[in-house]
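What follows is each chain in one-letter form.
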Amino acid sequence: MTLPDPAQLDAADPLREFRSRFFIDDPDLIYLDGNSLGRMPLAACEILHRQAEDGWGSRLVRGWNEGWFDLPARLGAKIASLIGAEPDEVVVADSTSVNLFKLAAAALEFQSGRSQIVSDDLNFPSDLYVLQGLAQTAGRKVVMARSPDGIEPGDVEPLIGGETALLTLSHTAFKSGAIRDMAAISAAARSVGALTLWDLSHSVGAVPVDLSGSGIDLAIGCTYKYLSGGPGAPAFLYVRRDLQERLRNPIAGWFGQARPFAFELKYEPASSLRRFQTGTPPILSLAAIEPGVDLVIEGGMDRIREKSMLLTGFLADLWERDLRPLGVALNSPLDAARRGSHISFGHPDGWRVDRALIEDARVIPDFREPDNIRFGLSPLYTTFTEVDEAVRRFRELLEQRTYEKYPPARAEVT
Ligand SMILES: *Cc1c(COP(=O)(O)O)cnc(C)c1O
């Protein structure tokens, strides 16, 4: 198989200039884990310094009246433009897991006569844990669609019916990268009166999403993956505008109160989406999110998706030529249109191969049980040359079996 020259692909890439706007101190290190923790934008480093010195240092508590109080809504409005939402339908707060709890609990209360939450086994385990805990608290049941092969999603529509309070799924599966047909599944849920809640963590900044056009009720997502918001950066949540005043935040707190600084003794929710905030937002972490979001907006979701599909397509072709003959399986959909911006490879010694990639080959993927080695390709800074070189190093360590020196025991964080 003859494949295109990676240097030529890089030269023809309309997004090639964006790489220089990220902090890259070691060009020999091939970072393929931007789907777990995005690289740091240079502007984020600057903003952190500025917020620390000018904000926390000089302005001190006055900062709250100088942009801090509105920061969660202002960032939410920018993220909204990436996911087909209106500016006042997204706010940044808490973690993805906590936001899932808040929105799912609000949905269950709204649907008090219905007994089931429908999800599937490709969803992120933390999401499933939140749903299991909530189902126990609220006296409901979680019903799960099963994937036939761990790669393609199972058929969820037969599970949706009159007892379905809430349908909640990941748009792009964290392990296989398979993309769900959000509009079609949501239409099926809506037709029987179920609410829909989508986790966009592995889509936002990589795969276009049209929440308004798909008639979605609720959504959540992560800012530290393709949006490069920084480790543990706060997440976002979306509530369709006409539902905002009808849903109740189960974790009521002063930042969601109509007049927090009136210090009234009785909770009255803000009429805006601010009602889904709870306590004081982490300003330094919030400030660090904006540069990555701005870069994605500037890059443009259409160009980002186009490059993402070319990158994963190139990687899939290299796999077929160089890795498949060495016993590596493709644990992602073969069709680029059916997957997000990462590819999972399967190998019986996956964990040891992952370690050898990191320690010996200086390629950083991540590992997801039982045998998945994930290569995340971030369109704003991953190059075709890096993908080509990563596969060359991967092939070499398989041929030389250097991974066999590592013990099979897993590290704490994989
Ligand atoms: C990364 C990810 C999360 C992260 O949740 P946290 O609360 O930030 O730990 C949640 N859901 C999905 C689908 C993810 O990929």
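Residues numbered from 1 in each chain as written. Predicted model: local features only at pLDDT ≥ 70, side-chain atom pairs only at ≥ 80, totals over all residues. Heavy atoms only, no water.

## Some thoughts on the UniProt feature "modified residue: N6-(pyridoxal phosphate)lysine" (unreviewed entry) in the protein
When the UniProt feature table is mapped onto this chain numbering, "modified residue: N6-(pyridoxal phosphate)lysine" (unreviewed entry) sits at Lys-225. Secondary-structure assignment places Lys-225 in the loop between β7 (218–221) and β8 (235–239). According to the relative accessible area criterion, Lys-225 is buried, its value standing at 9%. Among residues more than four places away in sequence, those in contact with Lys-225 are Gly-34, Asn-35, Ser-36, Gly-38, Ser-201 and His-202. (UniProt positions renumbered as here; feature names shortened; annotations may be inferred. Helix = DSSP H or I, 4+ residues; strand = E, 2+ residues; numbered from the N terminus. Buried < 20%, exposed > 50% of the residue type's maximum accessible area, 1.4 Å probe, protein only. Contact = heavy atoms within 4.5 Å.)

## Some words on the sheet that holds strand β4 (residues 141–145)
One open sheet accounts for 7 strands, arranged β2-β8-β7-β6-β5-β3-β4; its pairing is mixed. Edge positions in the sheet fall to β2 (90–93) and β4, since each of these pairs with one other strand and no more. Put simply, the sheet's adjacent strands are angled 20° from each other on average, direction ignored. With respect to the sheet, helix α6 (residues 182–191) is in contact with β5 (164–170) and β6 (195–199), its orientation differing from that of β6 by roughly 155°. (Pairing = 2+ DSSP bridges. Axes fitted to C-alpha atoms, helices over the stretch in contact; angles between N-to-C directions.)

## Focus on the layout of surface pockets
Its volume calculated, the largest pocket comes out at about 330 Å³. Leu-37, Gly-38, Arg-39, Met-40 and Pro-231 are the residues nearest the centre of the largest pocket, which is lined by 20 residues in total. When residues of the lining of the largest pocket are traced back to their parent elements, those giving at least two are α2 (42–59) and α8 (283–299). Residues belonging to the lining of the largest pocket are distributed by class as follows: 12 nonpolar, 5 polar and 3 charged. The computed volume of the second largest pocket comes to approximately 280 Å³. Taken together, Asn-35, Ser-36, Phe-124, Phe-174, Lys-175, His-202, Tyr-224, Lys-225, Arg-368, Glu-369 and Arg-374 make up the full set of residues lining the second largest pocket. Broken down by class, the residue content of the lining of the second largest pocket amounts to 3 nonpolar, 3 polar and 5 charged. (1 Å grid on protein atoms, 1.4 Å probe; cavity = no way out; pocket = protein on both sides within 12 Å on 5 of 7 lines; lining within 4 Å. Points joined across faces, edges and corners; volume = space filled by probe spheres on them. Nonpolar A, V, L, I, M, F, W, Y, C, P; charged D, E, K, R; others polar.)

## Re the pairing of β4
Across 5 bridges, the pairing between strand β3 (residues 116–120) and β4 is parallel. By the bridge assignment for β4, Ser-119 is matched with Met-144. Handedness of the crossover joining β3 and β4 through helix α5 (residues 125–138): right-handed. (Right-handed = clockwise from strand over helix to strand, strands pointing away.)

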